[in-house]
Protein chains: 2
Amino acid sequence: MVIIQQRSWKQKLEQKQRRVESVSHLVNGSIIPTEKIVDALELLIKPGDRVVLEGNNQKQASFLSQSLVLVDPEKVHDLHMIMSSVSRPEHLDLFDEGIAKRIDLSYAGPQSMRIAQMIEDGRLVLGDLHTYIELYGRLFVDLTPNVVLVAADKADRHGNLYTGPNTEETPTIVEAAAFSDGIVIAQVNEIVDELPRVDIPNSWVDFIVEADHPYELEPLFTRDPRHITDIQILQAMMCIRGIYEKHSVQSLNHGIGFNTAAIELLLPSYGEKLGLKGKICKNWVLNPHPTLIPAIESGWAESIYCFGGELGMEKYVEARRDVFFTGKDGSMRSNRTLAQLAGQYAADLFIGSTLQMDAYGNSSTVTKGRVAGYGGAPNMGHNPGGRRHSTEAWYNMMTSTDELARGKKLVVQVAETYQDANTPVFVERLDAVDVKKQANLAVAPVMIYAEDITHVVTEEGIAYLYKTDSPAERREMIASIAGVTPLGMEHDVKQTQQLRDRGLVALPEDLNIQRGEANRSLLAAKNIDELVQWSGGLYEPPAKFKSW
Amino acid sequence: MVIIQQRSWKQKLEQKQRRVESVSHLVNGSIIPTEKIVDALELLIKPGDRVVLEGNNQKQASFLSQSLVLVDPEKVHDLHMIMSSVSRPEHLDLFDEGIAKRIDLSYAGPQSMRIAQMIEDGRLVLGDLHTYIELYGRLFVDLTPNVVLVAADKADRHGNLYTGPNTEETPTIVEAAAFSDGIVIAQVNEIVDELPRVDIPNSWVDFIVEADHPYELEPLFTRDPRHITDIQILQAMMCIRGIYEKHSVQSLNHGIGFNTAAIELLLPSYGEKLGLKGKICKNWVLNPHPTLIPAIESGWAESIYCFGGELGMEKYVEARRDVFFTGKDGSMRSNRTLAQLAGQYAADLFIGSTLQMDAYGNSSTVTKGRVAGYGGAPNMGHNPGGRRHSTEAWYNMMTSTDELARGKKLVVQVAETYQDANTPVFVERLDAVDVKKQANLAVAPVMIYAEDITHVVTEEGIAYLYKTDSPAERREMIASIAGVTPLGMEHDVKQTQQLRDRGLVALPEDLNIQRGEANRSLLAAKNIDELVQWSGGLYEPPAKFKSW
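Just so we're clear, the structure is a prediction, and the values are computed from it rather than from any experiment. (Residues numbered from 1 in each chain as written. Chains lettered and ligands numbered in written order. Predicted model: local features only at pLDDT ≥ 70, side-chain atom pairs only at ≥ 80, totals over all residues. Heavy atoms only, no water.)

Trainee: Would you explain the pattern of salt bridges in this entry?
Mentor: A side chain with one charge may pair with a side chain of the opposite charge, provided their charged atoms come close. Residues and elements named next belong to chain A. Scanning the entire structure with this criterion turns up 73 salt bridges over all chains. Glu42 serves as the salt-bridge partner of Lys75, at 3.3 Å between the closest nitrogen and oxygen. With Lys75 in the loop between helix 3 (62-68) and strand 4 (79-85) and Glu42 in helix 2 (residues 37-44), this residue pair connects regions lying 33 residues apart in the sequence. Relative accessible area serves as the criterion here: at 13%, Glu42 is assigned to the buried category. Lys154 is the partner of Glu190 in a salt bridge, and the nearest nitrogen-oxygen pair spans 2.7 Å. In this pair, Glu190 sits in strand 9 (residues 183-192) while Lys154 sits in strand 7 (residues 147-156), placing the two residues 36 residues apart along the sequence. It is possible to trace a salt-bridge network through shared partners that takes in Asp93, Asp96, Arg114, Asp121 and Arg123. (Salt bridge = Lys/Arg side-chain N within 4 Å of Asp/Glu carboxyl O. Helix = DSSP H or I, 4+ residues; strand = E, 2+ residues; numbered from the N terminus. Buried < 20%, exposed > 50% of the residue type's maximum accessible area, 1.4 Å probe, protein only.)

Trainee: Any chance you could explain the packing of aromatic side chains here in plain terms?
Mentor: Think of a pair of aromatic rings as described by two things: how far the centres are apart, and how the planes are tilted against each other in angle. Scanning all chains against the criterion turns up 10 aromatic pairs over all chains. Relative to Tyr305(B), the ring of Phe140(A) has its centre 4.7 Å away and its plane inclined at 40°; by these criteria the two rings are tilted. One end of the pair, Phe140(A), is in the loop between helix 6 (132-138) and strand 7; the other, Tyr305(B), is in strand 14 (residues 303-305), on a second chain. Consider the rings of Tyr305(B) and Phe325(B), whose centres lie 4.7 Å apart with planes at 80°: the pair is edge-to-face. Highlighted residues: Tyr305(B) in strand 14 and Phe325(B) in the loop between helix 11 (314-319) and helix 12 (336-345), separated in sequence by 20 residues. (Phe/Tyr/Trp six-rings, centres within 6.5 Å; stacked < 30°, edge-to-face > 60°.)

Trainee: I would appreciate a short explanation of the domain arrangement of chain A in the present structure.
Mentor: When the parts of a complex come together, some accessible area is lost, and that lost area is often used as the size of the interface. Residues and elements named next belong to chain A. Domain boundaries assigned for chain A yield domain 1 (24-217) and domain 2 (225-532). For domain 1 versus domain 2, the separation of C-alpha centres amounts to 32 Å. Of the residues lining the interface, 34 residues belong to domain 1; the matching set on domain 2 comes to 33 residues. For the pair domain 1 and domain 2, the two sides together bury roughly 2700 Å², of which 55% comes from carbon and sulfur. Inspection of the domain 1/domain 2 interface yields 3 salt bridges. The partner of Arg197 in a salt bridge is Asp329, and the shortest N-O contact between them spans 2.9 Å. Between the two partners, domain 1 and domain 2, sit 23 residue pairs in polar contact (both at pLDDT 80 or more). Sorting the residues of the side of domain 1 that touches domain 2 by element identifies strand 5 (100-107), helix 5 (112-120), strand 6 (125-129), helix 6 and helix 7 (170-178) as the ones contributing at least two each. Sort the elements by how many residues they give to the side of domain 1 that touches domain 2 and helix 5 lands first, with 6 residues. Partitioning the side of domain 1 that touches domain 2 into residue classes produces 16 nonpolar, 12 polar and 6 charged. (Domains from an automatic or database assignment. Contact = heavy atoms within 4.5 Å. Buried area = accessible area lost by both parts, 1.4 Å probe. Polar contact = N/O pair within 3.5 Å; in protein donor to acceptor, adjacent residues only side chain to side chain. Nonpolar A, V, L, I, M, F, W, Y, C, P; charged D, E, K, R; others polar.)

Trainee: Before we go on, may I ask you to explain the interface of chain A and chain B in this structure?
Mentor: Each side of the interface is counted separately: chain A has 105 residues, and chain B has 103 residues. Between chain A and chain B the total buried area reaches about 8700 Å² when both faces are included, carbon and sulfur atoms providing 58% of it. Run the count over chain A and chain B and you get 12 salt bridges. For Glu175(B), the salt bridge goes to Arg333(A), with nearest N and O atoms at 2.9 Å. Put simply, chain A and chain B have 46 residue pairs in polar contact (both at pLDDT 80 or more) between them.

Trainee: How should the pairing of strand 15 (residues 349-353) of chain B be read in this particular structure?
Mentor: Residues and elements named next belong to chain B. With respect to burial, strand 15 is a largely interior element, 4 of its 5 residues being buried. As paired elements, strand 12 (residues 251-254) and strand 15 share 3 bridges and run parallel to each other. Paired with Leu252 across the bridge in strand 15 is Leu349. Pairing of strand 15 with strand 18 (residues 410-414), which is carried by 5 bridges, proceeds in the parallel orientation. The residue bridging Gly352 from the neighbouring strand is Gln413, located in strand 18. (Pairing = 2+ DSSP bridges.)

Trainee: How should I be thinking about the nonpolar core in this particular structure?
Mentor: Among soluble globular proteins, nonpolar side chains are generally buried collectively. Formed by 238 residues in total, the largest nonpolar core has its most connected members in Met81(A), Ile185(A), Met81(B) and Ile185(B). Apart from residues no more than four positions distant in its own chain, Ile185(B) is found in contact with Ile32(B), Leu41(B), Leu44(B), Leu64(B), Val147(B), Val148(B), Leu149(B), Val150(B), Phe207(B) and Val209(B). (Core = buried A, V, L, I, M, F, W, Y, C linked by side-chain atoms within 4.5 Å.)

Trainee: What exactly am I supposed to notice about the side chain of Asn56(A) here?
Mentor: Residue and element names in this part refer to chain A. Mapping Asn56 onto the fold places it in the loop between strand 2 (50-53) and strand 3 (59-60). Given a relative accessible area of 0%, Asn56 falls into the buried group. Leave out the neighbours within four places in its chain, and Asn56 touches Ser84, Ser85, Ser87, Tyr136, Glu168, Glu169 and Arg336.

Trainee: Looking at this structure, I do not really get the relation of the copies chain A and chain B. What am I missing?
Mentor: Two copies of the chain are present, and they differ by a rotation about an axis and a shift along that axis. Overlaying chain A on chain B yields an RMSD of 0.0 Å, the required transformation being a rotation through 180° with an accompanying axial translation of 0.0 Å. Read as a symmetry element, the transformation amounts to a two-fold axis. Within chain A, the C-alpha atom positioned nearest to the axis of rotation is that of Pro201(A), 3.1 Å from it. Of the residues that chain A buries at the interface, 98% are likewise interface residues in chain B, meaning the two copies contact each other through the same surface. (Least-squares fit on C-alpha atoms with pLDDT ≥ 70 in both.)

Trainee: How should the state of the cysteines be read in this particular structure?
Mentor: Chemically, a disulfide is nothing more than a covalent bond linking the sulfur atoms of two cysteines. Residue and element names in this part refer to chain A. Scanning the entire structure with this criterion turns up 0 disulfides over all chains. Counting only cysteine sulfurs, Cys239 is the nearest neighbor of Cys281, a cysteine outside any disulfide, at a range of 10 Å. For Cys281, a relative accessible area of 0% puts it in the buried group. (Disulfide = S-S within 2.5 Å.)

Trainee: Help me out: how do you make sense of the side chain of Asp348(A) in this one?
Mentor: All names here are of chain A. One can find Asp348 in the loop between helix 12 (336-345) and strand 15 (349-353). Lacking a salt bridge, the buried Asp348 has Arg387 as its closest oppositely charged neighbour, with an N-O distance of 4.3 Å. For Asp348, the side chain forms a polar contact with the main-chain nitrogen of Gln250, separated by 2.8 Å. (Lys, Arg positive; Asp, Glu negative; His and termini not counted.)

Trainee: I tried to follow the pairing of strand 4 (residues 79-85) of chain B on my own but got confused; where do I start?
Mentor: Consecutive side chains along a regular strand alternate between the two faces of the sheet. Residues and elements named next belong to chain B. Counting buried positions along strand 4 gives 7 out of 7 residues, so the element sits mostly inside the fold. Judged from the 6 bridges that link them, strand 4 and strand 5 (residues 100-107) form a sheet pairing that is parallel. Opposite Ser85, over in strand 5, you have Tyr107 as the bridge partner.

Trainee: How do you make sense of helix 12 of chain B when you look at a structure like this?
Mentor: Residue pairs spaced three or four apart in an α-helix point in one direction, given the helix's 3.6 residues per turn. Residue and element names in this part refer to chain B. In terms of burial, helix 12 is a largely internal element, 10 of the 10 residues being buried. Within the sequence span of helix 12, burial applies to Arg336, Thr337, Leu338, Ala339, Gln340, Leu341, Ala342, Gly343, Gln344 and Tyr345. A side-chain oxygen of the first residue of helix 12 lies 3.1 Å from the backbone nitrogen of Thr337; this N-cap is Asn335.

Trainee: Would you mind showing me how to read helix 2 (residues 37-44) of chain B here?
Mentor: Among the 8 residues that make up helix 2 of chain B, 6 are buried, leaving the element largely enclosed by the rest of the structure. Within helix 2 of chain B, burial applies to Ile37(B), Val38(B), Ala40(B), Leu41(B), Glu42(B) and Leu44(B).

Trainee: Whenever I open this one, the sheet that holds strand 12 of chain B confuses me. Can you help?
Mentor: Overall, mixed pairing links the 8 strands, which are arranged 14-13-12-15-18-22-23-24 (chain B) in an open sheet. The open sheet terminates on both sides in strands that have one partner only, identified here as strand 14 and strand 24 (505-506) of chain B.

Trainee: What am I meant to see in the sheet that holds strand 21 (residues 426-427) of chain A here?
Mentor: Pairing between the strands of a sheet is mediated by backbone hydrogen bonds and can be parallel or antiparallel. The mixed open sheet is built from 3 strands, whose spatial order is 17-16-21 (chain A). Because the sheet does not close on itself, it has two edges, and the strands there are strand 17 (363-364) and strand 21 of chain A.

If you want it as structure tokens, here you go:
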């Protein structure tokens, strides 16, 4: 019965060895000279390869992406790109140049219109949209990479890497290639004799190259408090009283945005007045938002675990190491994979905002003419069915008396009823349904499904969606806080009063919030300069945020 | 408004430095002499500390656990233990000795009766049960560790670690302490001048200690084909035809057990006859099961990503590196965290078995008098709400025509209708409901919830639960394959025929399987010796599995 097959079981290794050998005339040990990078890429990458190109929200392997777009399409073509974030023009130029053909991605915010057009024109084949860790998971299953291109701060001459605070996804995508006979190439800002610490051991790295300029780093999580509106402050007050305090939220993730920045800046003022310090918002999973500085300084945050760094926050974070996760060398270590896990499984609450929501609570940032993807939102903005431990807030979401009943993650969406004067957020049908056809997707690109949302907050009030399973009732609840959108017009004051009486909806007055109180005077810092002051000068905002 | 607080923001670091300083008379750089380990632990660990002690399914930091139980409870007490697996007697002796008080865990199979008794007697406070990555997530949120105790194969004199194939959870739990000013102590089998590769850099490690004997390693995933029964073979045939082939399952996770071992051993025989090679079961997330060897040798597996290693499989895995994930040095690298992610988000199917299932499909391995926990099953055995990419099998689970409809992960439970002559698997009410009260848990310890299960397989047939949302219909479907259990007796042949006609249930004959064909002659290997032969002598089974 036993058949011994005659085949090599090291074909991937042999192929890798041939490729590595083919650049021996260009390299100096594991170092690729800066000016030889295009030549090296042409030899190390083969047509049809699966190539992971590091592009996080913030950190970009920009030297490598700019070099990849310069390879000869006669030599390197039909690449299958795998990128968590499509952020830079050359990421899509690769397709226009005929170097790449197919892409699997998580987020394409800055390039979302162009990518939609390229899909429609047949110049790019979209594999699928993913949440971050879903894409990382596939690197170990059906999308094992041939080549991985990453960015780090420094390398030593042995090829060990130091990523500094912007560790982000680098270790995970490197691991996928390093242990499947893929080729790992790291661009670094400098090669040094000794590293502050090792983030990725040289056993996992094949080549390093000193970039001609430091990797691009976007201060994506910086929100200037000057732009926070009174309406956002009203919504933030409702969140603090009507959700965080009500359900005793201890651990949480805040998305990017002025809504959550307003919450952060109200904790040391409004939150303090309510006597909530030490009772809510203790353990955070989020990037080092500058707008968190006053809350940290006031002693609100016990711990903050980060997906990535934030430009200008490096010294502040180092000086607050009881709160942030830092290495022996003093600088922060982030980890996108572990932070997504922590946000998924170990946080009471996720709060974010959306561009569109339908009448039942399904929401998406994918709107007509844009294929944006969603980054981490689907992962942290759903009720993790595998969660088994209980916390007060989670348990508080339990509405059934069934003997197998359990709690639920709090998933909050904050939105003003209109995106702008003519564009209601609440719609009968998500644009995502049309984008599904346009981009030839298997299913509509919904960011957060109705079944997962527990609370919707608008300038009108809060809908406690977790309290009902009835779609009709959910629609009524959302309508009651949908203002003068078409959906909101379905509802009248009497119906709203009934929902308020039943505790399904709360208006500001139900939470003891006077609309008139909601103004910018409540913000613990009103501009970037005040954030710098709170930080004792440790926060060093990028120039574009300096107005003084 | 700005208040400058007078406080140190490096209290954790200062505390760590004091502890490290306190052992300076015992240690040699970062090396703790073997015979000094108890003295060192007494100084490095303080009362009330959160201590992560590595205990995976397989690899155990056994020297450190045996040493910890020897510390003076006057000096070290009230510890809060965090352990993914409670496997060894001394793990619970810690509580009897008054050294530890509270525990958070994922799995306690071998100690499940004792732990239940200790909870009831008040000798141990159970924090909560978790799935693995849920527990890891909390290490970065509300359970940051003071001390982490791990096991590795080798260290060099600088403190870099080599874990070999049994990387398992070590990097994740080390990362949690290394970047929150916790103390990391690694036991190693030997200290060498040069490591085969670096799995964990010394920047993350504080102390290493050479163990007096190699860490314990359990061959937990080895199943001797001799013990596979004809009924298990029948069930395996049904799984292959009625699930894997029907839904075109490409990527999958197999749990531990004879049921899944039977499937693995039928692929090169029964699966081959059906012409399924290259069409199903290509990308695997599971440990290196010896029973997979014939399928690998026959060319069924394109890739296998592992949570951990398996004793005796080391050389075989090294020699099959196109399939397994291996490092430059040649040996495998596993990673429990990433494998759980891959299994959660990137696999079409999870298949496992259970001790109890209720009439609606809720199942648990937590039965009366046992607090077993569940390991990874809740994570891989649920429909991940954050998944956004589509595969054929996933899409195949879609039953609605709603424009936002999506697919579902396949979650299969295989069970014989009776655990033994007197114990039906199908029950009206799970024991977990009573254990909830007994162990003072917030919710009943359900392993897999009804809403997540898509298929149940017994020796009678398959219930395609994903096809209905109606609890009453689910009950009927389960009853129709529940044999002569009380639940099964609710059902009659006529009702079953109706369910078969509607495609909700399939009996073997509906799948063209003759019950008489289902016998051991179909197994590609009938015993361990034949597995060794298939492997060309590369598989080296532990002595207890050798019968020749």
